[in-house]
Amino acid sequence: MESMLKGCLEYLDAGVSPFHAVEASAKLLDQAGFTRLEESQPWNLVKGGKYYTTRNGSSLIAWRMPQEELGGWRGAAAHSDSPTYRITATKVEDPRYARARVEGYGGMRSSTWLDRPLTMAGRVLVRTENGVETRLVCPDKDLLCIPSVCVHFDREGVKGGPLNVATDLQPIFGNSGADPAAEIAGEGEVLEYDLVLVTRQKAVTVGMQQELLMSPRIDDLGAAYATLQGFLAGKGAKDRGDVWCLFDNEEVGSGTRQGALGNFLPSVLARAEQALGITPEQHICAQTNTLMLSADNAHATHPNHPELSDAAHPVALNGGVVIKYNASQKYTTSALTGALFSEICRRADVPVQPFYNRPDMPGGSTLGNLLSWQSSVPMVDIGMPQLAMHSAVETAGCADVDYMAKAVAAFYNTRLAQPSDGNWTITD
């Protein structure tokens, strides 16, 4: 558990932008012997091979080919993005301050971004002799802050008034005349950039027994790391392929080329199945015998406001993997897929916790119900329980990282088949 937690802390610190999260994931896959492929090039896939590819530098799919004839797929998906502020201009004219301009990305608790050291991270596109080169950047330096209005000038704000991103949440670099371009560019001319604000706080453990985890981006890099570790612990199978997905843009609806609503996963699986010589009928059979995990974190019952959660289904930090249900199908778990995953966890000695929103409070959607538009396969929505979701810094349980990784490893190492609709066989 200590090794798993240490790796998770390092992954959370590294994933300061979706591009950096993909880079951190690629390094782990490289170390595990996976071969990187480019979407723009022909693929020479072999049975039993291990591969990964990226799209836009911010999404990644890794997979293991079956060793023999394909009978189905096992997969897990998480997302690389987190709510933040996207930098639209690094230099705004102001006689007093060096200022940036930002717009909101996703739905966040805006007040948690005030009065804390910030930097910026993402990618810059630099002109080269051969064209355009992508460079990842994240200055290791306290560069910006978003100052709040003092209580004497903002009595209503203290009472919880809403913050306006255009007037209340614009960051400063320092005094007028400071030029952040030098921090971004390095060598070469910057043509364009995808940069976001990043809180400078590192991932840490807290509590009397150091049993809690506090970090930016736990949603959803905590689940991304744990599911990737579970995937890497998979042994592969003769008659099944395994896949792990890290999608961008979940926090803004997934409707992009690199999002879950794009054709990234169907395209990868189609190329893999073509290499195996799969017929249309075999493809349909394989889809039916596929099971996907949509791993996006879940709300724990808040200690100060338990009334905000469903009283019949309390969720605790360090209480185990959360299985999410919703009558309106914002979560894809059915009674069948939930029972199946719960049984896999029981056999692996991993506790599970069912999650339902309070009946009169709508919940957010996740990767699963969006991904199912492109890949119509049985799915389970799962997550690690956490507090302060979409805050600049969030809180989770240390033990839940290990629970999630262990559950996902068991998922990949359990033989499943659906011989008839509504019935699954499970073989360890």
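Owing to the predicted nature of the structure, the values given are computational and were not obtained by experimental measurement.

Q: Teacher, can you tell me more about helix α2 (residues 18–31) here?
A: Spacing of three or four residues puts side chains on the same side of an α-helix, whose turn is 3.6 residues. With 14 residues, α2 should cover 20 Å at 1.5 Å per step; its first-to-last C-alpha distance of 20 Å lies within 8% of that length. Within α2 the residues assigned to the buried category are P18, F19, H20, A21, V22, A24, S25, A26 and L29. Within two residues after α2, G33 carries a phi angle of roughly 90°, on the positive side.

Q: Got a minute to help me understand the pairing of strand β18 (residues 379–383) in this structure?
A: On a regular strand, one side chain projects to one face of the sheet and the next to the other, so that they alternate. Buried residues dominate β18, accounting for five of its five residues. Burial of the side chains of β18 extends over both faces: M379, D381 and G383 are buried on one face and V380 and I382 on the other. The pairing of strand β14 (residues 291–295) with β18 spans four bridges and is classified as parallel. Residue pairing for β18: A295 is matched across the bridge by I382. With two bridges connecting them, strand β16 (residues 321–324) and β18 associate as antiparallel partners. Paired with V322 across the strands is G383, a residue of β18.

Q: For this particular structure, what's the right way to read unusual backbone geometry?
A: Excluding glycine, most residues fall at negative phi; most peptide bonds, likewise, are trans. Residue D220 follows D219 across a cis peptide bond; omega there is 15°. Examined against the element boundaries, D220 turns out to sit in helix α6 (residues 218–232). Even without glycine at this site, Q210 takes up a positive phi of about 55°. Topologically, Q210 is positioned in the loop between β11 (204–206) and β12 (212–215).

Q: Can you walk me through the environment of P266 in this structure?
A: For P266, the position within the fold is in helix α7 (residues 264–276). Assessed through its relative accessible area of 25%, P266 is described here as partly exposed. Measuring from C-alpha to C-alpha, the distance between P266 and L371 comes to 9.9 Å, with 105 residues separating the pair along the chain. With near-sequence residues (within four places) excluded, P266 lies in contact with Q374 and S375.

Q: Please explain the packing of α6 against helix α11 (residues 398–412) as it appears in this structure.
A: When two helices pack together, you describe them by how their axes are tilted relative to each other and by the distance separating the axes. Axis separation between α6 and α11 bottoms out at 7 Å; the angle between their running directions is 35°. Relative to α11, α6 is oriented so that their crossing is right-handed. Side by side, α6 and α11 meet where Y225, A226, T227, Q229, G230 and F231 of the first sit next to V401, M404, A405, V408, A409 and Y412 of the second. In the contact of α6 with α11, the residues fall into nine nonpolar, three polar and no charged.

Q: Looking at this structure, I do not really get the sheet that holds strand β4 (residues 73–79). What am I missing?
A: In any sheet, the strands associate via hydrogen bonds between backbone groups, in a parallel or an antiparallel arrangement. A sheet is described by the order of its strands in space; here nine strands give the open sequence β1-β2-β3-β13-β4-β14-β18-β16-β17, paired in mixed fashion. Strands at the two margins of the open sheet, each flanked by one partner only, are β1 (35–36) and β17 (352–355). Along the sheet, α6 contacts β3 (59–64), β4, β13 (241–247) and β14; its crossing angle with β4, the most-contacted strand, is approximately 155°.

Q: Even after reading the chapter, I still don't get the side chain of T119, so can you show me in this structure?
A: With respect to the helices, strands and loops of the structure, T119 is situated in strand β7 (residues 118–128). Residue class for T119 comes out buried when judged on its relative accessible area of 1%. Reaching out from T119, the side chain makes a polar contact with the backbone oxygen of P139 at a distance of 3.0 Å. At a separation of 3.3 Å, a polar atom in the side chain of T119 contacts the main-chain carbonyl oxygen of K141. Beyond its immediate chain neighbours, meaning those up to four positions away, T119 contacts C138, P139, K141, L143, L144, V196, L197, V198 and R200.

Q: Would you take a moment to explain the packing of helix α9 (residues 335–347) against α11 for this structure?
A: Running from amino to carboxyl end, α9 crosses α11 at an angle of 110°, the nearest separation of the two axes being 9 Å. By the angle between their axes, α9 is roughly perpendicular relative to α11. On α11, the residues that touch F341, I344 and C345 of α9 are A407, A410 and F411. Considered class by class, the residues forming the contact of α9 with α11 number six nonpolar, no polar and no charged.

What counts and how
- Residues numbered from 1 in each chain as written.
- Predicted model: local features only at pLDDT ≥ 70, side-chain atom pairs only at ≥ 80, totals over all residues.
- Heavy atoms only, no water.
- Helix = DSSP H or I, 4+ residues; strand = E, 2+ residues; numbered from the N terminus.
- Expected span 1.5 Å × (residues − 1).
- Buried < 20%, exposed > 50% of the residue type's maximum accessible area, 1.4 Å probe, protein only.
- Pairing = 2+ DSSP bridges.
- Contact = heavy atoms within 4.5 Å.
- Axes fitted to C-alpha atoms, helices over the stretch in contact; angles between N-to-C directions.
- Left-handed = near helix turned anticlockwise from the far one by under 90°.
- Nonpolar A, V, L, I, M, F, W, Y, C, P; charged D, E, K, R; others polar.
- Polar contact = N/O pair within 3.5 Å; in protein donor to acceptor, adjacent residues only side chain to side chain.
- Parallel < 35°, antiparallel > 145°, perpendicular 65-115°, else oblique.

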